[in-house]
Amino acid sequence: MTLSIASGMVPLVIRARMAAGVAHAVPWGISLDGLLASEIRENTKAAAREAGTDCTPYSLDTVPDDLDLPLARCSGDGGDGWHWAATFAYPEDEVPGPHVQYWSARPDQQALGQMSAELPALVSERQGRYRSRVMPLPLTIARHLVWRAVGDPVAITELLTPIVSIGKKRGAGHGHILSWEVTEHPDADPWEFAHLHPDGTLGRTAPATCLPEHERGDLRTGGEGRMGVRPPYMHPSRRTLVLLPAT
Ligand SMILES: [Zn+2]
């Protein structure tokens, strides 16, 4: 495992001040590299729309290109299992949970009628594709979300500043961010800031080779599993055997 740190990159703490809770489906927090990558992708798509050109759509069948993020790189397993030097979100001053909200959805009969010329007499709300649903929405409630990273503070601040909400159900007011703060910690240990949460537990998915030998026995992780090591995390081509972040 080696870290490649470009000039101008330093260990950083990134802190988002939250209005309330953030919703996500997985037990660990939102990845900083994923957040930066999706922001770059959105900007690219917007520029393509403006210029009237096409942009390669996301597809499960093609191996996605790696975007050039303003982060240092950890060689990971030395092969395709490399990753960006940044953690997943860590809730600071968390209000102990679990906090679960429920949302419900039912088909709009009038809208269905407008979309179809031959609507059956009854679209059942109890069964089939258009049944009503009640879904749980797990929330993390915390004053701040904190990420650690090694990267370029100016470029990262520029990408994060326009982001006003993160996580799921943002349209319903979840994951609203009041402000971003990026602080430099030039004397901090880059390996630690690339891998660990502030409480010293594993803060991201990482191949076991990321861990120095003396850490392997003691470090608190979420165990082993197959998951992505870099964005887009959910893409099958990114999945490999990793240590999971502690929860
Ligand atoms: Zn690593």
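Preceding this paragraph is the structure being described.
Please read all numbers here as calculations on a predicted model, not as lab measurements.

Cut-offs used in this document
- Residue positions within a chain follow its written sequence, with the count starting from 1.
- Local features in this predicted model are restricted to residues whose pLDDT is 70 or higher, and side-chain atom pairs enter the listing and the counts only when it is 80 or higher, whereas totals over whole chains, interfaces and linings include all residues.
- A run of H or I in DSSP becomes a helix once it reaches four residues, and a run of E becomes a strand once it reaches two; helices and strands are each numbered from the N terminus.
- Here a residue counts as buried when 20 or more other C-beta atoms fall within 10 Å of its C-beta, as exposed when 12 or fewer do, and as partly exposed in between; the C-beta atoms come from the backbone.
- Any pair of residues counts as being in contact when their C-beta atoms, constructed from backbone geometry, are within 7 Å of one another.
- One nonpolar core equals one set of buried Ala, Val, Leu, Ile, Met, Phe, Trp, Tyr and Cys residues connected by C-beta atoms within 7 Å.
- By definition, two strands form a pair when at least two bridges between them are found by DSSP.
- Helices are assigned an expected span. That span is 1.5 Å times one less than the residue count.

(A) Quick look at the overall build of the chain. Scanning the chain from terminus to terminus reveals five helices and 11 strands. Projecting the C-alpha coordinates of the chain onto the three principal axes gives extents of approximately 70 × 45 × 35 Å. Residues classed as buried in the chain amount to 29% of the 247 residues present. Looking at the chain alone, contacts between residues at least 24 apart form 76% of all its contacts between residues at least 6 apart.

(B) Looking closely at the nonpolar core. In terms of nonpolar packing, the biggest core is built from 42 residues, with Leu71, Ala85, Leu145, Ala149 and Val150 touching the most fellow members. Ranked by residue count, the leading element in this core is strand E8 (residues 133-151), at seven residues. Once residues within four sequence positions are removed from consideration, Val150 is found in contact with Leu3, Ile5, Met9, Val10, Pro11, Leu12, Leu71, Ala72, Ala85, Pro190, Phe193 and Ala194.

(C) Region of interest: the sheet that holds strand E5 (residues 83-84). Sheet architecture is open: three strands sit in the order E1-E4-E5, paired in antiparallel fashion. Edge positions in the sheet fall to strand E1 (3-4) and E5, since each of these pairs with one other strand and no more. With two bridges connecting them, strand E4 (residues 73-74) and E5 associate as antiparallel partners. Residue pairing in the sheet places Cys74 in a bridge with His83 of E5.

(D) Expanded view of helix H1 (residues 32-51). Between its terminal C-alpha atoms H1 stretches 29 Å, which fits the 28 Å expected from 20 residues at 1.5 Å a residue. Among all positions in H1, only Leu32, Asp33, Gly34, Leu35, Leu36 and Ala37 are buried. Residues of H1 that are buried in the fold lie against strand E2 (10-18), E5, E8 and helix H3 (153-160). With its phi angle positive at about 75 degrees, Gly52 sits one or two positions after the end of H1.

(E) Local environment of the environment of His197. Position of His197 among the secondary structure elements: in the loop between helix H4 (190-195) and helix H5 (213-216). For the pair formed by His197 and Val100, sequence separation is 97 residues and the distance between their alpha carbons is 24 Å. Sequence-distant contacts of His197, defined by excluding residues within four places in its chain, comprise Thr87, Tyr90 and Gly203.

(F) Representation of the environment of Glu94 in the model. Structurally, the position occupied by Glu94 is in strand E6 (residues 90-94). The spacing of Glu94 and Trp84 is 10 residues in sequence and 26 Å in space, taken between C-alpha atoms. Sequence-distant contacts of Glu94, defined by excluding residues within four places in its chain, comprise Thr140, Ile141 and Ala142.

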